Amino acid sequence: MSDELKKLMERAHDGITTFDFDGKETPCIIIEEKKYDDMLSKIAGQSLSINTDLNILQDGLGNVFVEVVLTFSKGNIVETFLINAKTHLDFFESLASTAMFALSSPKSNYGKDNVFMIQLPRPEKAQDALEIIKNALVPKNQK
């Protein structure tokens, strides 16, 4: 395993899951409770937008990581999460299907309370990202 791959694996965010939200499997990023509470306190009660970028990092050997960058229009908040697409493909499949995801703290009851839902303004971007991820997960010598 290359040093670069090791570094990416060490940086990968652990709190990745999906949950049932109104009958649809919905992706969720779980963040440390204090960080979650701090973020919500900065934006509570405000109308805001959240720019969501999906930066796909691949090595051509079937390893794919996606850097999810959230830039909030209020509260001076920028959050970056590195997700291992090989182990969390279901996150990106549900993201492409629902065009939304949740931020949550470990103590939240997923899909019921204390989750912050983010709707993607351009669902086709998540679908395009899923296609790139799936193609990148197959090593080049196996196509």
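Residues numbered from 1 in each chain as written. Predicted model: local features only at pLDDT ≥ 70, side-chain atom pairs only at ≥ 80, totals over all residues. Heavy atoms only, no water.

## Topic: the environment of Leu 103
Phase 1: Its location among the elements puts Leu 103 in strand E6 (residues 100–109).
Phase 2: Sequence spacing of Leu 103 and Asn 51 is 52 residues, and the spatial spacing of their C-alpha atoms is 14 Å. (Helix = DSSP H or I, 4+ residues; strand = E, 2+ residues; numbered from the N terminus.)

## Considerations on unusual backbone geometry
Phase 1: Residue Asp 22 is not a glycine yet carries a positive backbone phi of 55°.
Phase 2: Tracing the backbone through its elements, the reader meets Asp 22 in the loop between strand E1 (16–21) and strand E2 (24–30).
Phase 3: A positive phi angle is found at Ala 99, which is not glycine, with a value near 60°.
Phase 4: Assignment of secondary structure puts Ala 99 in the loop between helix H3 (89–98) and E6.

## With respect to the pairing of strand E3 (residues 50–58)
Phase 1: Bridging between E3 and strand E4 (residues 64–72) involves 9 bridges; their strand directions are antiparallel. Bridge assignment links Ile 56 to a residue of E4, and that residue is Val 66. (Pairing = 2+ DSSP bridges.)

## So, the side chain of Asn 63
Phase 1: Looking at the element boundaries, Asn 63 is found in the loop between E3 and E4.
Phase 2: Of note is the side chain of Asn 63, whose polar atom sits 2.8 Å from the side chain of Asp 59.
Phase 3: With residues near it in sequence (within four places) discarded, Asn 63 still touches Leu 5, Leu 57, Gln 58, Lys 86 and Ala 136. (Polar contact = N/O pair within 3.5 Å; in protein donor to acceptor, adjacent residues only side chain to side chain. Contact = heavy atoms within 4.5 Å.)

## A word on the packing of aromatic side chains
Phase 1: Summed over all chains, the structure comprises 3 aromatic pairs.
Phase 2: Seen from their ring centres, Phe 72 and Phe 116 are 6.3 Å apart, and the 35° between their planes marks the pair as tilted. Note that Phe 72 is positioned in strand E4 and Phe 116 in strand E7 (residues 113–119), a separation of 44 residues in sequence.
Phase 3: Since its relative accessible area comes to 5%, Phe 72 is described here as buried. (Phe/Tyr/Trp six-rings, centres within 6.5 Å; stacked < 30°, edge-to-face > 60°. Buried < 20%, exposed > 50% of the residue type's maximum accessible area, 1.4 Å probe, protein only.)

## Brief notes about the side chain of Thr 52
Phase 1: For Thr 52, the location among the structural elements is in strand E3.
Phase 2: Not counting residues within four places of it along the chain, the set of residues in contact with Thr 52 comprises Val 68, Val 69, Leu 70, Phe 101, Ile 118 and Leu 120.

## With respect to H3
Because an α-helix packs 3.6 residues into every turn, residues spaced three or four apart end up facing the same way.
Phase 1: Along H3, the residues classified as buried are Phe 91, Phe 92, Ser 94, Leu 95, Ala 96 and Thr 98.
Phase 2: The positive-phi residue at the C-terminal boundary of H3 is Ala 99, with phi of around 60°.

## A short note on the environment of Asp 22
Phase 1: Asp 22 gets classed as exposed once you look at its relative accessible area, which sits at 69%.
Phase 2: Placed 19 residues apart in sequence, Asp 22 and Ser 41 show a C-alpha to C-alpha distance of 26 Å.

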